[in-house]
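Here is what each chain is made of, one letter per residue.
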Amino acid sequence: TSWDLKRCMECEWKPDEQGLQQILQLLKESQSPDTSTQRSVQQKLEQLNQYPDFNNYLIFVLTKLKSEDEPTRSLSGLILKNNVKAHYQNFPNGVSDFIKNECLQNIGDSSPLIRATVGILITTIASKGELQNWPELLPKLCTLLDSEDYNTCEGAFGALQKICEDSAEILDSDILDRPLNIMIPKFLQFFKHNSPKIRSHAIACVNQFIISRTQALMLHIDSFIENLFALATDEEPEVRKNVCRALVMLLEVRMDRLLPHMHNIIEYMLQRTQDQDENVALEACEFWLTLAEQPVCKDVLCGHLSQLTPVLVNGMKYSEIDIILLKGDVEEDEAIPDNEQDIRPRFHRSRTVAQQHEGDGIEEEDDDEDDLDDDDDTISDWNLRKCSAAALDVLANVFRDDLLLHILPLLKELLFHPDWVIKESGILVLGAIAEGCMQGMIPYLPELVPHLVQCLSDKKALVRSITCWTLSRYAHWVVSQPPDTYLKPLMTELLKRILDSNKRVQEAACSAFATLEEEACTELVPYLAYILDTLVFAFSKYQHKNLLILYDAIGTLADSVGHHLNKPEYIQMLMPPLIQKWNQLKDEDKDLFPLLECLSSVATALQSGFLPYCEPVYQRCVNLVQKTLAQAMLHHTQPNQYEAPDKDFMIVALDLLSGLAEGLGGNIEQLVARSNILTLMYQCMQDKMPEVRQSSFALLGDLTKACFQHVKPCIADFMPILGTNLNPELISVCNNATWAIGEISIQMGAEMQPYIAMVLHQLVEIINRPNTPKTLLENTAITIGRLGYVCPQEVAPMLQQFIRPWCTSLRNIRDNEEKDSAFRGICTMISVNPGGVVQDFIFFCDAVASWVNPKDDLRDMFCKILHGFKNQVGDENWRRFSDQFPLPLKERLAAFYGV
């Protein structure tokens, strides 16, 4: 048969000596550090890929050419792996069969490096969809596990572990006839193997199937757990690490099976968190993080807190290797330029329109900026120190002040310790518990905060930087005290740290100051000159990375003090350095993002004070949008010639235009008249990227408020687009579209009538949806109210369908223009359709009572409706009805409206 013939051809494939030498020469060259050599090697490899049997040579070098050194043979295998990734579907049958065969023959090579390379090659072929087309692979590897020869067993296991990692999903599907039913029991047998490497492979293989709750594993869960316990004190660190990893995952997936053993598991994890091997300790430390998220955490852990707390605290010290990597002995580095690789990409958060609440400022969605990513983002990102600190943070949130019993005695010792490494860890502990234990910490803060402020001038840079972070975690308390007591000394010292000679301290101080600004808001106004002095001086001092954080601190300052910034002397200080940077940066420089965000905040705060600077800024933003759209168009029509643009440039530009429109109001009219911004917006509103649409709807709303005469001619085109974007799956897009519709309706008045049908049904559906975020509910309610204000005949018939959620979502927002127009709308609709509110009248009463001081004519509207209802039902019924009111509501309505 032809099949036999092919087999024979395969046996006979022999490399041509000259070809072989050429390839070996290439492999040698590719190990050269020289980049131009590297480039020519890449080109030659691409050329060789034209020859069908080039890959035969590569596998031959890997598996047969024992005379060559191992690194060269391994490299040959890795090049083959890349070819498999890129071109496997084009390999002739003979070649792919030859490679598969050679792999299985040589999985037990005596060299660990060659075995591992063959394993990588096998899993790469397998994940190219070849598990189906290579039916003998899994049975063969499983058989090899039973080999007497250690190398064969280890090589097969290594390959299986990689396949389990790369192809877990397909292994657990019907496509392959569920091989795991055989494989998992097989792996479990090897937990007791005498070789630590084999035991480690066996656990790692099974671990791939825990999180997905794979049926085959769940059947054997008890025997799996039993086997894990047997390996708990294995002498091999890699085995202990895999045991810890398994237990952490089981905590999420099969808590029911761990609970009976929980006491012993916790005792075990306490030991492992102190393991000599840091990798084991780190895996074990994850256990506390995961446990804290489980409802049983408090019950199972409360008896162990006295043991766990010191272990976590101890893990929060910098290790010697950390200090070396952090250049902890380099105190002054401000003059050394940054390594560009160290600068993390910045993500721009697009503009979302939100309502003001009772209490203070705008309520952001939970903003985790002050998270425990304290200040060592340059070390291998996740380490024992960070994990311990994160665990202490979550446990503080679970146990609250109960944790302090165990922490306070330790803290006393740490915070005043002569060794800076220990003192530094104490300051980190204090920051980590800030959120969870705030109430219990308050009595100690009058003593601790001044101590921390002193630590800001410690001689060790790493102590100064962590102190900045910890103080920012207590900023809320500092601001709640009389300003001269803590705020002023803290601010004075933090500003000095912003000008520190150490870059890490500058960075920590800038971030901490931004947090302080958010908390203090207008409390900072008396110190503005001093603050601006410092921030502007930092401009001339900072290297690249910290400059980006400085923009953020300036933007946050503008957000926090608002129009107080609009004084000629402040503008004179602040604007020249910002504009100088603005002129230096090219249109394709990503540093524009934070600068544009910063300018957007500054423009909104300065209002008319920004006028002298607005024209070039406006022009450039419009250009950025236009450029990006043009580039996207080219990419769309000729994807091979043109790259896709980075749309962040356009998003940030749209957001800055919104900031200008909000800050300058009617003054922006001339600029809009002389530009094609509305045409560009029409394109942006239909972009397929949600963030682009989100920002364009925010700008639409702001331009509607600032200069409606230019927007009005486009309304017929814009409204259908707004209607199709009322999809609550994309919360921010939906939110901004909703807000824009409300702003447009106020300007359009009765002319809004033809567009009501495009949007009303979606809005009513959104306001009745369970689990809709608060901001979206509030904006939806305001827009429904505004539509009803301008077109009551169209909206009032639906009153009964939305009145109840409408009232509950608006009772908590502050008195303002938006709330005012929305309530006028609801009153107008009630007068058109009083029956629509009867069943939910108590909710309307409650919403009315949420007003602190409505305008006189609005108060009259409220009065008329309340008294009208009371007269309609009669005194007796009204008394019965108003007896259901909570007391404060009853008193308020009586006092304000005489009912």
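Keep in mind it's a predicted model, so treat the numbers as computed, not measured.

1. Some thoughts on the overall build of the protein chain
Thinking step 1. In terms of helices and strands, the protein chain carries 51 helices and zero strands.
Thinking step 2. Overall, the protein chain is about 100 × 70 × 65 Å in size when its C-alpha atoms are taken along their principal axes.
Thinking step 3. Among the 899 residues that make up the protein chain, the fraction classed as buried is 56%.
Thinking step 4. For the protein chain, contacts bridging at least 24 residues in sequence account for 75% of all contacts bridging at least 6.
Thinking step 5. Taken as a whole, the protein chain presents about 39,800 Å² of accessible surface, with 51% of it coming from carbon and sulfur.
Thinking step 6. Taking the 79 positively charged and 126 negatively charged side chains of the protein chain as two groups, their mean positions are separated by 1 Å.

2. Remarks on the environment of Gly825
Thinking step 1. With respect to the helices and strands, Gly825 occurs in helix H47 (residues 817-832).
Thinking step 2. Residue classification places Gly825 among the buried positions, given a relative accessible area of 0%.
Thinking step 3. Once the C-alpha coordinates of Gly825 and Cys791 are considered, the two residues, 34 residues apart in sequence, prove to be 8.7 Å apart.
Thinking step 4. Ignoring anything within four residues of it in the chain, the contact list for Gly825 reads Gly785, Gly788 and Tyr789.

3. Here's the deal with the pattern of salt bridges
Thinking step 1. Using the criterion set out here, one finds 44 salt bridges in the structure.
Thinking step 2. Arg73 is the salt-bridge partner of Asp109, the closest N and O atoms lying 3.2 Å from each other. Taken together, the residues Asp109 in the loop between helix H6 (93-106) and helix H7 (112-133) and Arg73 in helix H5 (residues 70-87) connect sequence positions 36 residues apart.
Thinking step 3. A residue is classified by how much of its surface remains accessible, and Asp109, at 7% relative accessible area, is buried.
Thinking step 4. Overall, the relative accessible area of 4% leaves Arg73 in the buried class.
Thinking step 5. Residue Glu615 is joined to Arg674 by a salt bridge in which the shortest nitrogen-to-oxygen separation is 3.2 Å. One end of the pair, Glu615, is in helix H35 (residues 611-637); the other, Arg674, is in the loop between helix H37 (669-673) and helix H38 (677-684), and 59 residues separate them in sequence.
Thinking step 6. By relative accessible area, Glu615 is classed as partly exposed at 41%.
Thinking step 7. Members of the salt-bridge network, linked through shared partners, are Glu331, Lys460, Arg464, Glu493, Lys496, Arg497 and Asp500.

4. Some thoughts on the confidence of the model for the protein chain
Thinking step 1. Model confidence for the protein chain is summarised by a mean pLDDT of 90, while 95% of its residues fall at 70 or above.
Thinking step 2. Across residues 1-10 the pLDDT falls below 50, and counting only partners more than four positions away or on other chains, this stretch makes six contacts in the model.
Thinking step 3. Of the regions scoring below 50 in pLDDT, residues 359-380 engages in 50 contacts with residues more than four places distant in sequence or in other chains.

5. Looking at the state of the cysteines
Thinking step 1. Considering all chains together, one arrives at zero disulfides under this definition.
Thinking step 2. This cysteine, Cys285, is not joined by any disulfide, and Cys387 carries the nearest cysteine sulfur, 3.7 Å off.

6. With respect to the packing of helix H49 (residues 856-873) against helix H51 (residues 887-897)
Thinking step 1. At a minimum axis distance of 11 Å, the contact between H49 and H51 shows a crossing angle of 115°. As summarised for this structure, H49 and H51 are arranged roughly perpendicular, according to the angle between their axes. Where H49 crosses over H51, the two elements pack in a sense that is left-handed. When H49 is examined against H51, the residues Arg859, Phe862, Cys863, Leu866 and His867 are found in contact with a partner set consisting of Leu893, Phe896 and Tyr897.
Thinking step 2. Class assignment for the residues of the contact of H49 with H51 results in six nonpolar, one polar and one charged.

7. Regarding unusual backbone geometry
Thinking step 1. With a phi close to 50°, Arg213 is a non-glycine residue in the positive phi region.
Thinking step 2. As for its position among the elements, Arg213 is in the loop between helix H12 (196-207) and helix H13 (215-219).
Thinking step 3. The class of Arg213 is partly exposed, set by a relative accessible area of 47%.
Thinking step 4. Unusually for a residue other than glycine, Cys521 sits at a positive phi of about 45°.
Thinking step 5. Relative to the helices and strands, Cys521 is located in the loop between helix H30 (503-520) and helix H31 (528-541).
Thinking step 6. Note on Cys521: relative accessible area 32%, which makes it partly exposed.

Criteria and thresholds
- Residues numbered from 1 in each chain as written.
- Predicted model: local features only at pLDDT ≥ 70, side-chain atom pairs only at ≥ 80, totals over all residues.
- Heavy atoms only, no water.
- Helix = DSSP H or I, 4+ residues; strand = E, 2+ residues; numbered from the N terminus.
- Buried < 20%, exposed > 50% of the residue type's maximum accessible area, 1.4 Å probe, protein only.
- Contact = heavy atoms within 4.5 Å.
- Areas by Shrake-Rupley, 256 points an atom, 1.4 Å probe, with all protein chains shown as cover.
- Lys, Arg positive; Asp, Glu negative; His and termini not counted.
- Charge placed at Lys NZ, Arg CZ, Asp CG, Glu CD.
- Salt bridge = Lys/Arg side-chain N within 4 Å of Asp/Glu carboxyl O.
- pLDDT = per-residue confidence, 0-100.
- Disulfide = S-S within 2.5 Å.
- Axes fitted to C-alpha atoms, helices over the stretch in contact; angles between N-to-C directions.
- Parallel < 35°, antiparallel > 145°, perpendicular 65-115°, else oblique.
- Left-handed = near helix turned anticlockwise from the far one by under 90°.
- Nonpolar A, V, L, I, M, F, W, Y, C, P; charged D, E, K, R; others polar.

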